[in-house]
Amino acid sequence: MTPLLRRTPRTSPRPPKERTVTLIGKPGCHLCDAAREVVAAVCAETGAAWEERDITVDEELYRRYWEQIPVVLVDGEQHDFWRVDAGRLRRALGA
């Protein structure tokens, strides 16, 4: 089998309790409100930590994400934007 087709064993993902979800949004954003509900519920269910960042007080986040909010990061990597799917977030957390 060629190296490109050979599957390499994956290391076991970290448990959800060791993961961090970051919601990036801004006040007055109805999509951010909906995303917050999903993120809070999934994190409460899985034990993952979550935090919220406001693009209106962080110039770097504003430049990077202003057209995509709300944006969800899992362990610092972009996971979703605009709409957050609870099942997809659970899977990303390994739950």
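Counting restarts for each chain: residues are numbered from 1 in the order of the written sequence. For this predicted model, a pLDDT threshold of at least 70 governs which residues receive local features, and a threshold of 80 or more governs which side-chain atom pairs are given and counted, while totals over whole chains, interfaces and linings are taken from all residues. Hydrogens and water are ignored here; the side-chain numbers use all heavy atoms of the structure.

Caption draft 1: Region of the structure containing the packing of aromatic side chains. Only rings of Phe, Tyr and Trp enter the pairing, Trp through its six-membered ring, and a pair is recorded when the two centres are within 6.5 Å. The plane angle decides the type: under 30 degrees is stacked, over 60 is edge-to-face, the rest tilted. Scanning all chains against the criterion turns up two aromatic pairs. Both rings, one in Phe81 and one in Trp82, keep their centres 4.7 Å apart while their planes meet at 70 degrees; by these two values the pair is edge-to-face. Only protein chains enter the accessibility calculation, which uses a 1.4 Å probe; a residue whose area is less than 20% of its type maximum is buried, one above 50% is exposed, and one in between is partly exposed. Judged by relative accessible area, Phe81 falls into the partly exposed class, the value being 33%.

Caption draft 2: Quick peek at the sheet that holds strand β3 (residues 71-74). Should DSSP find at least two bridges between two strands, the strands are regarded as paired. Only DSSP runs of H or I covering at least 4 residues are called helices, and only runs of E covering at least 2 are called strands; the numbering of each starts at the N terminus. Taken in spatial order, the four strands of this open sheet run β2-β1-β3-β4, and their pairing is mixed. Both edges of this open sheet fall to β2 (49-54) and β4 (77-81), since each of them pairs with a single strand only. For this sheet, the mean angle separating the axes of adjacent strands, direction not counted, is 25 degrees. Judged from the six bridges that link them, strand β1 (residues 20-25) and β2 form a sheet pairing that is parallel. Across the sheet, Leu23 pairs through a bridge with Glu52, a residue of β2. Here helix α3 (residues 86-93) sits on the sheet in contact with β1, β3 and β4, set at roughly 165 degrees to β4. Under this scheme, a helix contributes an axis fitted over its contacting stretch, all axes are lines through C-alpha atoms, and angles between N-to-C directions fall in the 0 to 180 degree range. Only heavy atoms matter for contacts: two residues are in contact if any of them lie within 4.5 Å across the pair.

Caption draft 3: Main features of the state of the cysteines. Cysteine sulfur atoms that pair up within 2.5 Å are treated as a disulfide. Going through the model one piece at a time under the given rule, you end up with one disulfide. Each sulfur in the disulfide pair Cys29 and Cys32 lies 2.5 Å from the other. Of note, the bridge from Cys29 to Cys32 carries an S-S torsion of about 75 degrees and is right-handed in sense.

Caption draft 4: Seen up close, unusual backbone geometry. In this model, Ile69 is joined to Pro70 through a cis peptide bond whose omega is -5 degrees. Phi at Asp75 is positive, roughly 55 degrees, even though this residue is not glycine. Secondary-structure assignment places Asp75 in the loop between β3 and β4. For Asp75, a relative accessible area of 30% puts it in the partly exposed group. In this model, Trp82 sits at a positive phi of 65 degrees, which is unusual for a non-glycine residue. Examined against the element boundaries, Trp82 turns out to sit in the loop between β4 and α3. Overall, the relative accessible area of 44% leaves Trp82 in the partly exposed class.

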